[in-house]
Amino acid sequence: MENPALKLHSILQEICNFQTNVYIQDAFFAAFEIENGNFIELAVCLNNLQNLLNETKILTEQHEQLNIHTTQKFLQRTQTALEKIDFKDNLAHFKNYINDETLTALSYIAQSINFNYTFSNLSISTDNINELQVDIEELIISISESELPPEAKALLIKNLYSIKAALHQYILFGKQELIKTLEETIGSIFVNNETLSKVNGDQNVSRFFGIIDKLNAVLELGSSINDKVLPFVKEIMKIS
């Protein structure tokens, strides 16, 4: 687990770095690095941001030195800011709640939580993320241009896009979304093993599993997926 308060503060600071007259939706799209107008992805990011706040609240409430009126006041102010987001408005109203005082308080809360709890560090370096993103983009193109059956193409590309999106979410919100996506990908392969088993000799399918192997390795999830799940899936599909 990573310190949710640090990520919460970092994201809110990034948003508030924009000028007050900037539309709030434009600031959020830019801060989350998602395509302007992609409100589905924006909704996912906002939900993850709320989760960071919820996790921060839990950590403060569980520790006597952190569960004080001042801490809860600024966390509640942050909650109110998220609840009152209006994408037709500019950042002025949002900054009334997430002002310099609030950001300073959130930074202090994050540091205090860091001092009183033990957290893991970010497992994937920026270089590894960039390398995986490039591998995924190249594989999507290769699959699209291949002679694979349409259903196999759709299955592989859908999972690759999910992993690609989760890698970005990982940077912002931590590893949970990426782990969830990896688990869902494995589940998708189980459910659709007949579709892929028909093309198990295709190089693109092998490259697909190579990306999953690499993702598991850099995430350092332990032996459960690498030693048990993936070999079992590959055995079903007869992929080396």
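Our subject is the structure listed above.
Quick caveat, the model's predicted, so the values are computed rather than measured.

(A) Structural view of the overall build of the chain. When helices and strands are counted, the chain shows 12 helices and zero strands. Starting at the N terminus, the α and β elements of the chain follow one another as α-α-α-α-α-α-α-α-α-α-α-α. Per-residue burial over the chain gives 45% buried out of 240 residues. Sequence separation of 24 or more characterises 72% of the internal contacts of the chain that already satisfy a separation of 6 or more. If you sum the accessible surface of the chain, you get close to 12600 Å²; carbon and sulfur atoms cover 49% of it.

(B) Quick look at the nonpolar core. Of all hydrophobic cores here, the largest spans 35 residues; its most connected members are F28, F32, L49 and F94. Counting residues per element, the ones that place at least two in this core are α1 (4–16), α2 (24–32), α3 (39–61), α4 (69–83), α5 (91–97), α6 (100–116) and α8 (150–173). The next biggest cluster of nonpolar side chains, apart from the first, holds 30 residues, and it includes L156, I163, A166 and V205.

(C) Expanded view of unusual backbone geometry. Positive phi outside glycine occurs at E33, with the angle close to 55 degrees. Of note, E33 is situated in the loop between α2 and α3. Judged by its relative accessible area of 63%, E33 falls in the exposed class.

(D) View of the pattern of salt bridges. Under the defined criterion, the tally for this structure stands at four salt bridges. We note a salt bridge from K214 to E131, for which the minimum N-O separation is 3.3 Å. Residue K214 is found in helix α11 (residues 203–219), and its partner E131 is found in helix α7 (residues 126–144); the two are separated by 83 residues along the sequence. Look at E131 and you get partly exposed, because its relative accessible area is 40%.

(E) Geometry of the packing of α1 against α6. Taken N-terminus to C-terminus, the directions of α1 and α6 make an angle of 160 degrees; their axes are 8 Å apart at the nearest point. Comparing the axis directions of α1 and α6 gives the class roughly antiparallel. Where α1 crosses over α6, the two elements pack in a sense that is left-handed. Along the contact surface, α1 presents A5, L6, L8, H9, L12, Q13 and C16, while α6 presents L103, L106, S107, A110, I113 and N114. Residues belonging to the contact of α1 with α6 are distributed by class as follows: nine nonpolar, four polar and no charged.

(F) View of the packing of aromatic side chains. Per the stated rule, a full pass over the model turns up seven aromatic pairs. Ring geometry for F28 versus F94: centroids 5.7 Å apart, planes at 80 degrees, classification edge-to-face. With F28 in helix α2 and F94 in helix α5, the pair connects residues that are 66 residues apart, well separated along the chain. Among the aromatic residues, those joined into a ring-pair cluster are F28, F29, F32, F39, F87, F94 and F173.

(G) Summary view of the side chain of K95. Mapped onto the elements of the fold, K95 is located in helix α5. It turns out K95 is buried and unbridged, and the closest side chain with the opposite charge, D100, is 7.7 Å from it. Engagement of the side chain of K95 in a polar contact is seen with the backbone oxygen of C16, the distance being 3.0 Å. Apart from residues no more than four positions distant in its own chain, K95 is found in contact with C16, F18, Q19 and T20.

(H) Focus on the packing of α1 against α2. Following both chains from N to C, one finds α1 and α2 inclined at 130 degrees, their axes separated by 9 Å at the closest point. With respect to their mutual orientation, α1 and α2 come out oblique. The chirality of how α1 crosses α2 is right-handed. In this structure, α1 uses I11, E14 and I15 to contact α2, whose residues at the interface are A27, F28, A31 and F32.

(I) Layout of the environment of S10. Residue position: S10 is located in helix α1. For S10, a relative accessible area of 44% corresponds to the partly exposed category. Each C-alpha atom, one on S10 and one on S107, is 8.6 Å from the other, the two residues being 97 residues apart in sequence.

Calculation rules
- Counting from 1, residues in each chain are numbered in the order their sequence is written.
- With pLDDT at 70 or above as the cut-off, local features in this predicted model cover only qualifying residues; side-chain atom pairs require 80 or more to be listed or tallied, and sums for whole chains, interfaces and linings still use all residues.
- Hydrogens and water are ignored here; the side-chain numbers use all heavy atoms of the structure.
- Think of it this way: any DSSP run of H or I at least four residues long counts as a helix, any run of E at least two long counts as a strand, and we number them from the N terminus.
- When accessible area is computed with a 1.4 Å probe and restricted to protein chains, residues below 20% of their type maximum are described as buried, those above 50% as exposed, and intermediate ones as partly exposed.
- The contact rule is simple, with two residues in contact once any of their heavy atoms fall within 4.5 Å.
- Per-residue accessibility takes into account occlusion by the displayed protein chains alone, with areas from the Shrake-Rupley method and a 1.4 Å probe.
- Only buried residues count toward a nonpolar core. Its members are Ala, Val, Leu, Ile, Met, Phe, Trp, Tyr and Cys residues joined through side-chain atoms within 4.5 Å.
- One speaks of a salt bridge when a side-chain nitrogen belonging to Lys or Arg is within 4 Å of a carboxyl oxygen belonging to Asp or Glu.
- Inter-axis angles, ranging from 0 to 180 degrees, are taken between N-to-C directions of lines fitted to C-alpha atoms, where helices are fitted over the stretch in contact.
- Roughly parallel means an angle under 35 degrees; roughly antiparallel, over 145; roughly perpendicular, 65 to 115; everything else is oblique.
- Crossing handedness: left-handed means the near helix sits turned counterclockwise from the far one by under a right angle, and right-handed means the same turn made clockwise.
- Here the term charged refers only to Asp, Glu, Lys and Arg, the term nonpolar to Ala, Val, Leu, Ile, Met, Phe, Trp, Tyr, Cys and Pro, and the term polar to all other amino acids, Gly among them.
- Only centres within 6.5 Å qualify two rings of Phe, Tyr or Trp (six-membered ring in Trp) as a pair; their planes then separate them into stacked at under 30 degrees, edge-to-face at over 60, and tilted for everything else.
- Charge counting treats Lys and Arg as positive and Asp and Glu as negative, with His and both chain ends excluded.
- Polar contact is the term for a pair of N or O atoms within 3.5 Å; when the atoms are in protein, one must be able to donate a hydrogen and the other to accept it, and sequence-neighboring residues count only if both atoms are side-chain atoms.

Limitation: the analysis is restricted to geometry and does not speak to function.
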